[in-house]
Amino acid sequence: MSIRIETNNCIGCGRCTDVCPGNLLFLRDHKATIRDARDCWGCTACVKECPRNAIFFTLEATLGGAGGKLFAHDSADELTWELQLADGTEQRITVNKKQANAY
Ligand code: SF4
Ligand code: SF4
């Protein structure tokens, strides 16, 4: 599992570069770029932080099927994970952040 950056959606806000604990992300020509995707350990911080859904995880065959994509939609109270499978089906899981201990 590794991140991908859809540069067409990136507005160069730099929020992902600020939150990556490994300092793997940087801006090049006002677009987010990852130094080496192999160094990403999948903490999901950048996926949750991006306001434009420009960063997502690509899933392996054992995690939702090859070609699947995992997006995050973060709001004040909820975090919604959106799984887009290669066959076109979608699943959503919403977590109430104020009741995180219940999960
Ligand atoms: S998932 Fe975590 S480690 Fe990987 S690039 Fe994003 S913030 Fe950095
Ligand atoms: S948080 Fe999203 S929009 Fe902002 S720089 Fe990173 S990828 Fe681009």
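Above this text is the structure in question.
I will try to describe carefully the structure that is included in this document. Since we're looking at a predicted model, the values are computed, not measured.

### What about the site of ligand 1?
Around ligand 1, the structure places Ile3, Cys20, Pro21, Ile34, Cys40, Gly42, Cys43, Thr44, Ala45 and Cys46. The cavity that encloses ligand 1 is the largest cavity. Residues that form the shell around ligand 1 fall into these classes: eight nonpolar, two polar and no charged.

### Quick look at the packing of aromatic side chains
This model, assessed by the stated rule, comprises one aromatic pair. Ring plane angle 35° and centroid distance 5.0 Å describe the contact between Phe56 and Phe71, whose orientation is recorded as tilted. On the criterion of sequence distance, the pair formed by Phe56 in strand E4 (residues 55–58) and Phe71 in strand E5 (residues 69–74) is long-range, its members being 15 residues apart. When its relative accessible area of 11% is taken as the criterion, Phe71 is described as buried.

### A short note on empty space enclosed by the protein
Over the atoms rolls a probe the size of a water molecule, and in doing so it shows where empty space is left. The full count for this structure, using the stated rule, is two cavities of 30 Å³ or more. Within this model, the largest cavity holds a volume of roughly 100 Å³. When its residues are assigned to classes, the lining of the largest cavity shows 12 nonpolar, three polar and no charged. A volume near 90 Å³ is recorded for the second largest cavity. The wall of the second largest cavity is formed by 15 residues, among which Cys10, Cys13, Cys16, Cys50 and Pro51 lie closest to the centre.

### Structural notes on unusual backbone geometry
Even without a glycine there, the phi angle at Asp29 is positive, about 55°. Looking at the secondary structure, you find Asp29 in the loop between strand E2 (25–28) and strand E3 (31–34). Within the chain, His30 stands out as a residue other than glycine whose phi angle is a positive 65°. You can see His30 is positioned in the loop between E2 and E3. According to the relative accessible area criterion, His30 is exposed, its value standing at 64%.

### Observations regarding the sheet that holds strand E7 (residues 90–96)
The five strands are arranged E1-E4-E5-E6-E7 in an open sheet whose pairing can be described as antiparallel. Each edge of the open sheet is held by one strand with a lone partner, namely strand E1 (2–5) and E7. The average angle at which neighbouring strand axes cross in this sheet is 30°, direction not considered. With six bridges connecting them, E5 and strand E6 (residues 78–84) associate as antiparallel partners.

Parameters and conventions
- Residues numbered from 1 in each chain as written.
- Chains lettered and ligands numbered in written order.
- Predicted model: local features only at pLDDT ≥ 70, side-chain atom pairs only at ≥ 80, totals over all residues.
- Heavy atoms only, no water.
- Near = heavy atom within 4 Å.
- 1 Å grid on protein atoms, 1.4 Å probe; cavity = no way out; pocket = protein on both sides within 12 Å on 5 of 7 lines; lining within 4 Å.
- Sits in = over half its atoms within 2 Å of the grid points.
- Nonpolar A, V, L, I, M, F, W, Y, C, P; charged D, E, K, R; others polar.
- Phe/Tyr/Trp six-rings, centres within 6.5 Å; stacked < 30°, edge-to-face > 60°.
- Helix = DSSP H or I, 4+ residues; strand = E, 2+ residues; numbered from the N terminus.
- Buried < 20%, exposed > 50% of the residue type's maximum accessible area, 1.4 Å probe, protein only.
- Points joined across faces, edges and corners; volume = space filled by probe spheres on them.
- Pairing = 2+ DSSP bridges.
- Axes fitted to C-alpha atoms, helices over the stretch in contact; angles between N-to-C directions.

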